[in-house]
Amino acid sequence: MSTNGEGQHPVKLDFLGNLRRTHKCGELRAENAGDRVLLMGWVHRRRDLGGVIFLHLRDITGITQVVFRIENAAEVHARAEHIRGEFVVAVEGNVEKRSAETVNPNLPTGEVEVVVEKVWILNESKPAPFPMEDDLSVGEESRLKHRYIDLRRHRMQQNIRMRSDVSFAVRNSLFEQGFHEIETPFMTRSTPEGARDFIIPSRLSPGSFYALPQSPQIFKQLLMVGGYERYFQIVRCFRDEDLRADRQPEFTQIDLEMSFVQQPDVFVVIEKMLVRAFAAAGFQIEAPFQRITYREAMDSYGIDKPDTRIPPFHRVESLFEGTPISGNGLPMVAILIPKVGQISRKERDELKAFGQEKNLRVFDDAKRLERDYPEQMAKVREITGAAEEDLLLLANWAAEPDAHLPEREALKACGQLRLYAAQKYADRHKLLDPKKFNFLWVVDFPMFEWDPEENRWVAAHHPFTSVHDEDLDLLTTDPANCRAKSYDIVLNGVELGSGSIRIHRADVQQKVFSALGFTPEDAQHRFGFLLEGLSYGAPPHGGIALGLDRMVMILAGETSIRDVIAFPKTARGTDLMCEAPSDVPDKLLRDLGIMHIRK
Ligand code: ASP
């Protein structure tokens, strides 16, 4: 005996015993009429019309309506009176066709219902904290606190199942392409991906710590030294980064590494894999993907992860040279957003204000420009292909030239204006269609970035990335112009993954470490085991890692990665359900040699 959610009716619970389902709740169709079936599931909805009780019974496959009629089975009907939402029940009965007026076109099983002759109440439920609707208005906190209930919602089940299907497709494709799935340690030594490490104190080596991997980077390279040639892993990575809206401290990467390859070989593998993964989610995509260099991306989009659903901008400073609106040789661009139509005075002012914030002068009045600069504007129209209904903007850098990378800063600002205008007007003409998947490889990133805080060059990707063969000498003479054999895969303006051809020679790796300002002792201390590994016949190799969470988020049409992770953490890095991070017993801290800091 037990009480139900409202605490009023004592409900006797039944055992599962040898009961087994004959069908799932999403399976029954008109052809099943007359079948005797046994279903199990959760009570999604309950309607009590006195002599008749209707339940919508739900499992992961769908919903079936089941009916308890007092005239058929009074005892069973009486028992059904105790049943409430989210109770777990089993029912046995006959499938009947519904009359034409009662067919439910919203359910795949809507042509039939099960007339119940036997019922078992397998478990009761407290009233659910929120309804099982797809479009919930309840705050995310409540959803995360009762995640197991949130996970029952159709939309979440679709997302999590899609994730599983996508992972399955990724595995299949990689196995078919000759990869081995190999696990690498979670308890390891700090690996440099640029973020802070999560650390685990060691009890057996007091004062020492393991680090959770930011990525399996060094291990996968050492697997190449170990001769495995093609490794992959769908692997959790851990990065203790500052709070950002859609970051998780632990996230999943599709991580792979290959021997005896160059960039294009990695691209072919990934393109095949993505075609398969997207098909698993119901989308057909075309490979090969477009490839552009970092330089081209900056020159045409002002960003290293361009959304190519929007046209590139065009540099027009040479056309306007010597005119009052020229930008003293700094970039001037023409931005075209197709099919926007008329925009209001207020919208024009908003564009200008946004430009101003980014140090850009925005010329939004194409008519006026055409009057003042007819020749130049005829060329601008020719280059951009602008039509009457398109929005055409010119912009140039309004601030004083900055000694440090002024051109790149100006291009970045133009890129931001382009995105701002596109996003603002996207709804008008479905320019940013989420079901249009524009993949892009961006290649030849600079090897180094200048870090003004640390006042030194830092690795733009990571320090194991190979430089272009012909740029090897620039390592010491001109680091700013040294190109890396690194690449990003970008989807609709989102960086989905990045990788590189690695340094496979210990002497070159030493050189890069020293270009990055590591002393030989420092390099030895942090990466000695890698250097040692490279000195034992490391093959040329390269690889990549793609963010699975982000990819599934895009496929599922969600805007938060939390909606495609079963048990995610909040933006503050906490798990509201199990209340982690949490306090631990003093004894454990003592064993670890950690002093207890009382909050
Ligand atoms: N380890 C890199 C990352 O996690 C990816 C790679 O270079 O393969 O971003």
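This is a predicted model, so every value here is computed, not measured. Each chain has its residues counted from 1, following the order in which its sequence is written. Confidence filtering applies because this is a predicted model: local features only for residues at pLDDT of at least 70, side-chain atom pairs given and counted only at 80 or more, and all residues used for totals across whole chains, interfaces and linings. In computing side-chain properties, one takes all heavy atoms of the structure into account and sets aside hydrogens as well as water.

Chemist: Tell me about the confidence of the model for the chain, residues and numbers included.
Modeler: Per-residue confidence for the chain gives a mean pLDDT of 92; residues scoring 70 or more make up 96%. Contacts for the low-pLDDT stretch residues 1–7, under 50 throughout, to residues beyond four places or in other chains number 24 contacts. Every residue gets a pLDDT, meaning the predictor's confidence in that residue, from 0 to 100. Two residues qualify as a contact provided that any one of their heavy atoms is within 4.5 Å of a heavy atom in the partner residue.

Chemist: Provide a residue-level description of the sheet that holds strand S3 (residues 36–48), including the pertinent values.
Modeler: Remark on secondary structure: sheet strands pair via backbone hydrogen bonds, oriented parallel or antiparallel. DSSP-based pairing: two strands are paired if at least 2 bridges between them are found. A run of DSSP states H or I qualifies as a helix once it reaches four residues; a run of E qualifies as a strand once it reaches two. Both are numbered from the N-terminal end. Pairing within the closed barrel is mixed, and its five strands lie in the order S3-S4-S5-S7-S6. In this sheet, adjacent strand axes meet at a mean angle of 55 degrees when their direction is disregarded. Here the axes come from fitting lines to C-alpha atoms, over the contacting stretch only for helices, and the angles between their N-to-C directions go from 0 to 180 degrees.

Chemist: Explain the environment of Pro331 to me, using residue names and the numbers behind them.
Modeler: Examined against the element boundaries, Pro331 turns out to sit in the loop between strand S14 (314–315) and strand S15 (332–337). Note on Pro331: relative accessible area 0%, which makes it buried. Sequence-wise, Pro331 and Leu440 are 109 residues apart; in three dimensions their C-alpha atoms are separated by 24 Å. Not counting the four nearest positions on each side in its chain, Pro331 is found in contact with Arg315, Glu317, Ala395, Asn396, Trp397, Glu407, Ala410 and Leu411. Working definition: with a 1.4 Å probe on protein chains only, accessible area under 20% of the residue-type maximum means buried, over 50% means exposed, and in between means partly exposed.

Chemist: So what's going on with the nonpolar core? Which residues, and what values?
Modeler: Counting residues in hydrophobic clusters, the biggest one holds 43 residues, and the most contacted among them are Val166, Ile270, Leu274, Phe278, Phe439 and Ile489. Among the nonpolar cores identified, the runner-up in size contains 27 residues, and Ile310, Trp397, Leu411 and Leu432 belong to it. Joining through side-chain atoms within 4.5 Å is the link that ties buried Ala, Val, Leu, Ile, Met, Phe, Trp, Tyr and Cys residues into a set, and such a set is a nonpolar core.

Chemist: Describe in detail the pairing of strand S23 (residues 541–547), supporting the description with residues and values.
Modeler: Counting buried positions along S23 yields six of seven residues, so the element is predominantly enclosed. Inspection of the sheet shows strand S12 (residues 250–259) paired to S23 by seven bridges, in the antiparallel sense. When the sheet's bridge partners are listed, Gln253 is paired in S23 with Gly547. As paired strands, strand S22 (residues 494–501) and S23 are joined by five bridges and run antiparallel to one another. Paired with Ser498 across the bridge in S23 is Ala545.

Chemist: With reference to specific residues and values, describe a nonpolar patch on the surface.
Modeler: Residues qualify for a patch when their relative accessible area is over 30% and they have no salt bridge, like charges being joined within 9 Å and the nonpolar side chains of Val, Leu, Ile, Met, Phe, Trp and Tyr within 5 Å. Each accessible area value is a Shrake-Rupley result obtained with a 1.4 Å probe; residue values ignore everything except the protein chains displayed when judging cover. Any carboxyl oxygen of Asp or Glu within 4 Å of a side-chain nitrogen of Lys or Arg constitutes a salt bridge here. A surface patch of nonpolar side chains, about 280 Å² in accessible area, is lined by Phe186, Met187 and Tyr210. The topology assignment puts Met187 in the loop between strand S8 (180–181) and strand S9 (199–201).

Chemist: Give me the side chain of Ser173: which residues, what numbers.
Modeler: Considering the arrangement of structural elements, one finds Ser173 in helix H4 (residues 154–176). Ser173 gets classed as buried once you look at its relative accessible area, which sits at 4%. Residues in contact with Ser173, not counting those within four places in the same chain, are Lys272, Met273 and Arg276.

Chemist: Tell me what's going on with the pattern of salt bridges, and back it up with residues and numbers.
Modeler: Overall, the coordinates contain 46 salt bridges when judged by the stated rule. A salt bridge links Glu407 to Arg295; its shortest N-O distance comes to 3.4 Å. Of the two residues, Glu407 sits in helix H11 (residues 406–429) while Arg295 sits in helix H7 (residues 294–301), which places them 112 residues apart along the sequence. The partly exposed category is assigned to Arg295, whose relative accessible area is 43%.

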